[in-house]
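Spelled out, the chains give:
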Amino acid sequence: MSLRKSALSVTLGLGLAATLSALPASAATPDHTATQRTAAAGYVPGGQERADTDAFIKAVMKSALAKRAKSPSTAAAVTVVYNAGQAPTFRSQISRSAQIWNASVTNVKLQEGSNPDFTYREGNDSRGSYASTDGHGSGYVFLDYAQNQQYDSTRVTAHETGHVLGLPDHYSGPCSELMSGGGPGPSCTNAQPNQTEINRVNQLWANGLASIDKGLAKAH
């Protein structure tokens, strides 16, 4: 699960410019390939990778809340819409990943549909699976074929979805920690976030954009 940085620009809407801090010029949060597991085990995400994850959640939240404002809902949770049409091979894993997160957290819910806040894609990439955004709410999760054959595919998908919800990589963590990704090796099949990860996602999505910068700052 390799380190990948995309050259996609991140742009803020005028109505949110005063709320959000400036976003980085790239936003990709990749995983490790099997050949890099040893390095991954002791890997500590750098500031740029953490900033990339922050950029992804801001872009997705911006998109989700903009649609919520147009169609007000009494539901406490923010609905984040995804589309898996470009990743048909992994449709079951994507659905299972959404179920896992929806059963775990209360302040945000994943739902498949049209006009998505992010999409899933599939293909071959020697750098593995990753999550990326251009800052316009059109972010995507890329699922690499080879990586998903070696690692538990539902864990990979749930891990990458964790980036969408605001969680950074923590490769030195144990198998019980979803965001440890490929750190524990291919034998780890856990696809469930632990309580700390659940609490973190709920915290990030509790009050929307008005407090997300403050919440993210506490995590650094």
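The structure displayed is predicted, hence computed values, not measured ones.

**Regarding the state of the cysteines**
Summed over the entire model, instances satisfying the criterion amount to 1 disulfide. A sulfur-sulfur distance of 2.1 Å marks the disulfide that ties Cys-175 to Cys-188. Its torsion about the S-S bond being 90°, the disulfide of Cys-175 and Cys-188 is classed as right-handed. One end of the pair, Cys-175, is in the loop between helix 5 (153–164) and helix 6 (195–205); the other, Cys-188, is in the loop between helix 5 and helix 6, and 13 residues separate them in sequence. Here Cys-175 falls in the partly exposed class, since its relative accessible area comes to 27%. The exposure class assigned to Cys-188 is buried, which follows from its relative accessible area of 3%.

**Quick word on the packing of aromatic side chains**
As enumerated under the stated definition, the model contains 6 aromatic pairs in all. Where Tyr-82 meets Tyr-120, the ring centres are 5.6 Å apart and the plane angle is 90°; that geometry is what we call edge-to-face. With Tyr-82 in strand 2 (residues 78–86) and Tyr-120 in strand 4 (residues 118–123), this pair connects stretches of sequence that are 38 residues apart. Where Tyr-130 meets Phe-142, the ring centres are 5.3 Å apart and the plane angle is 20°; that geometry is what we call stacked. Highlighted residues: Tyr-130 in strand 5 (residues 130–132) and Phe-142 in strand 6 (residues 139–144), separated in sequence by 12 residues. With a relative accessible area of 3%, Tyr-130 lands in the buried category.

**Notes on the layout of surface pockets**
With a probe scaled to a water molecule rolled over the atoms, the places where space remains empty come into view. By volume, the second largest pocket is sized at about 160 Å³. Looking at the lining of the second largest pocket, the elements with two or more residues in it are helix 2 (47–70) and strand 2. When its residues are assigned to classes, the lining of the second largest pocket shows 4 nonpolar, 4 polar and 3 charged.

**Thoughts on the pattern of salt bridges**
Tallied over the entire structure, the rule returns 3 salt bridges. Salt-bridge contacts for Lys-67 lead to Asp-117; the nearest nitrogen and oxygen are separated by 2.9 Å. A residue pair is termed long-range when its members are at least 10 positions apart, and Lys-67 in helix 2 and Asp-117 in the loop between strand 3 (108–112) and strand 4 qualify at 50 residues. Judged by its relative accessible area of 23%, Lys-67 is partly exposed. Here Asp-117 falls in the buried class, since its relative accessible area comes to 0%. Note that Arg-127 and Asp-125 form a salt bridge whose closest N and O atoms lie 3.1 Å from each other.

Conventions we followed
Residues numbered from 1 in each chain as written. Predicted model: local features only at pLDDT ≥ 70, side-chain atom pairs only at ≥ 80, totals over all residues. Heavy atoms only, no water. Disulfide = S-S within 2.5 Å. Helix = DSSP H or I, 4+ residues; strand = E, 2+ residues; numbered from the N terminus. Buried < 20%, exposed > 50% of the residue type's maximum accessible area, 1.4 Å probe, protein only. Phe/Tyr/Trp six-rings, centres within 6.5 Å; stacked < 30°, edge-to-face > 60°. 1 Å grid on protein atoms, 1.4 Å probe; cavity = no way out; pocket = protein on both sides within 12 Å on 5 of 7 lines; lining within 4 Å. Points joined across faces, edges and corners; volume = space filled by probe spheres on them. Nonpolar A, V, L, I, M, F, W, Y, C, P; charged D, E, K, R; others polar. Salt bridge = Lys/Arg side-chain N within 4 Å of Asp/Glu carboxyl O.

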